[in-house]
Amino acid sequence: MNTKRRKGEGDVAFFFRNVLMASTAAMIGETATIPMDTAKVRLQIQKTPAGQEPKYKGMMQTMGKIAGEEGATALWSGLTPGLQRQFVFAGLRIGLYVPIRNLICGEMKPGENPTLLQKIAAGLATGALGITVANPTDLVKVRMQAQGQLPPAERPYTSSMDCYSKTVANEGVLGLWNGWGPNVLRNSVINAAELAAYDQFKQMALTNMGMRDGLPVHIGCAFGAGFVACVVGSPVDVLKTRIMNMKAGSSVPGMVTSMVQKEGMLAFYKGFTANFMRLGSWNVVMFVSLEKIKGLFTDTE
């Protein structure tokens, strides 16, 4: 997963080009896959009393039920803050990956590759940095998606900007960073798993298997990276979603204890299939888009 400098390109231009390419690719991925993300959030936050059937039972059933009860556009609820999030967060976490990896191990010459640990370290650093800046957009996106299950008259937010303003009014400015701890844990871990896995899988495909750097490699490596990221990150993803939907004054330890007692440890993998379908699909769209965008900026010899 390398980005070559263009002839005469300085450090600042290289930095901003990486960030903008990543932001663009991530927003394409977000637009294409947010219906699955909306279904994932609904699956993660639903609480089913003992002896009752859950309202949502899987990715396709959940998407169909949301569309049937709330209209097809409800599947894209949270798109505006989702795009805001991807522009900031993905631009930093993905766009800074190569520059920070180069800081750790130096710029790679043709045929050279960083170690897996160096890739993981770069992913952890950019994931933590990116979500620290973008946490407010993530919080608003989750709240906008979650309120769709309420009757229209009971929904607390009319738009993403209304959600920002009401969150600040009710919880203070720091309320926009509610869930920051598990969010940093989740996104640094998932980012490291996702980017390092894609980088490693692509290196293996090109170097060890002699495959050509093209669309089949990009799709296969992206889907594999999504699976790795989902297995590693699902528990903190569920925890992050629950924390961001807690009522003001609620206790995180109390919420976790109640969750384990009432739903069992497998609650941390609630919505796993939906999460993997969404994350795998998002990775394919984003990485393929990113590789194509990078190709537009490659100098011809």
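Nothing here was measured: the structure is a model prediction, and the numbers come from that model.

Engineer: I'd like to hear about the side chain of Thr126, residue by residue, with values.
Structural biologist: Looking at where Thr126 falls in the secondary structure, it is placed in helix α5 (residues 116–146). Given a relative accessible area of 0%, Thr126 falls into the buried group. A polar contact of 2.8 Å, which involves the side chain of Thr126, links it to the side chain of Asn191.

Engineer: Give me the lowdown on α5, citing residues and values where you can.
Structural biologist: Taking 1.5 Å per residue, 31 residues should reach 45 Å; α5 reaches only 37 Å between its end C-alpha atoms and comes up short. Most pronounced at Ala134, the bend in α5 amounts to some 65°, and the proline Pro136 follows within four residues.

Engineer: An account of the environment of His218 is needed here, citing residue identities and associated values.
Structural biologist: Along the polypeptide, His218 turns up in helix α8 (residues 215–244). Since its relative accessible area comes to 7%, His218 is described here as buried. Distance in space between the C-alpha atoms of His218 and Gly64 is 30 Å, their sequence separation being 154 residues. Not counting residues up to four positions away in its chain, the partners in contact with His218 are Tyr198, Lys202, Asp213, Val288 and Glu291.

Engineer: Run through the state of the cysteines, naming residues and quoting values.
Structural biologist: Using the criterion set out here, one finds zero disulfides in the structure. Left without a disulfide partner, Cys230 is nearest to the cysteine sulfur of Cys221, which lies 18 Å away.

Engineer: Account for the nonpolar core, naming residues and giving values.
Structural biologist: Counting residues in hydrophobic clusters, the biggest one holds 28 residues, and the most contacted among them are Ile94, Tyr198, Met286, Phe287 and Leu290. If you list the elements that add at least two residues to this core, you get α1 (11–45), α3 (79–93), α4 (97–105), α7 (180–208), α8 and α10 (272–296). With seven residues, α10 is the single largest residue contributor to this core. Membership of the second largest hydrophobic core comes to ten residues, among which are Leu43, Ile66, Leu75 and Ala274.

Engineer: Which residues make up the packing of aromatic side chains, and what values go with them?
Structural biologist: Per the stated rule, a full pass over the model turns up five aromatic pairs. Ring geometry for Phe15 and Phe16: centres 4.9 Å apart, planes at 75°, overall edge-to-face. Residue Phe15 is classed as partly exposed on the basis of its relative accessible area of 28%. Arranged with centres 5.3 Å apart and planes meeting at 85°, the rings of Phe227 and Phe276 form a pair that is edge-to-face. Highlighted residues: Phe227 in helix α8 and Phe276 in helix α10, separated in sequence by 49 residues. Ring pairs connect the aromatic residues Phe223, Phe227 and Phe276, which therefore count as one cluster.

Engineer: Can you break down the pattern of salt bridges residue by residue, with the values?
Structural biologist: For the structure on display, the rule yields 19 salt bridges. Note that Arg101 and Asp199 form a salt bridge whose closest N and O atoms lie 2.7 Å from each other. On the criterion of sequence distance, the pair formed by Arg101 in helix α4 and Asp199 in helix α7 is long-range, its members being 98 residues apart. On the accessibility criterion, Arg101 (1% relative accessible area) is buried.

Engineer: Break down the packing of α1 against α3 for me, with residues and values.
Structural biologist: With their axes 8 Å apart at the nearest point, α1 and α3 run at an angle of 150° to one another. One finds that α1 runs roughly antiparallel with respect to α3. Here α1 runs over α3; the crossing is right-handed. Contacts between α1 and α3 involve Val19, Leu20, Ala22, Ser23, Ala26, Met27, Glu30, Thr31 and Ile34 on the former and, on the latter, Leu79, Gly82, Leu83, Gln86, Phe87, Ala90 and Gly91. Here the residues of the contact of α1 with α3 sort into ten nonpolar, five polar and one charged.

The rules behind these values
Residues numbered from 1 in each chain as written. Predicted model: local features only at pLDDT ≥ 70, side-chain atom pairs only at ≥ 80, totals over all residues. Heavy atoms only, no water. Helix = DSSP H or I, 4+ residues; strand = E, 2+ residues; numbered from the N terminus. Buried < 20%, exposed > 50% of the residue type's maximum accessible area, 1.4 Å probe, protein only. Polar contact = N/O pair within 3.5 Å; in protein donor to acceptor, adjacent residues only side chain to side chain. Expected span 1.5 Å × (residues − 1). Bend = angle between axes of the 7 residues up to and from the residue. Contact = heavy atoms within 4.5 Å. Disulfide = S-S within 2.5 Å. Core = buried A, V, L, I, M, F, W, Y, C linked by side-chain atoms within 4.5 Å. Phe/Tyr/Trp six-rings, centres within 6.5 Å; stacked < 30°, edge-to-face > 60°. Salt bridge = Lys/Arg side-chain N within 4 Å of Asp/Glu carboxyl O. Axes fitted to C-alpha atoms, helices over the stretch in contact; angles between N-to-C directions. Parallel < 35°, antiparallel > 145°, perpendicular 65-115°, else oblique. Left-handed = near helix turned anticlockwise from the far one by under 90°. Nonpolar A, V, L, I, M, F, W, Y, C, P; charged D, E, K, R; others polar.

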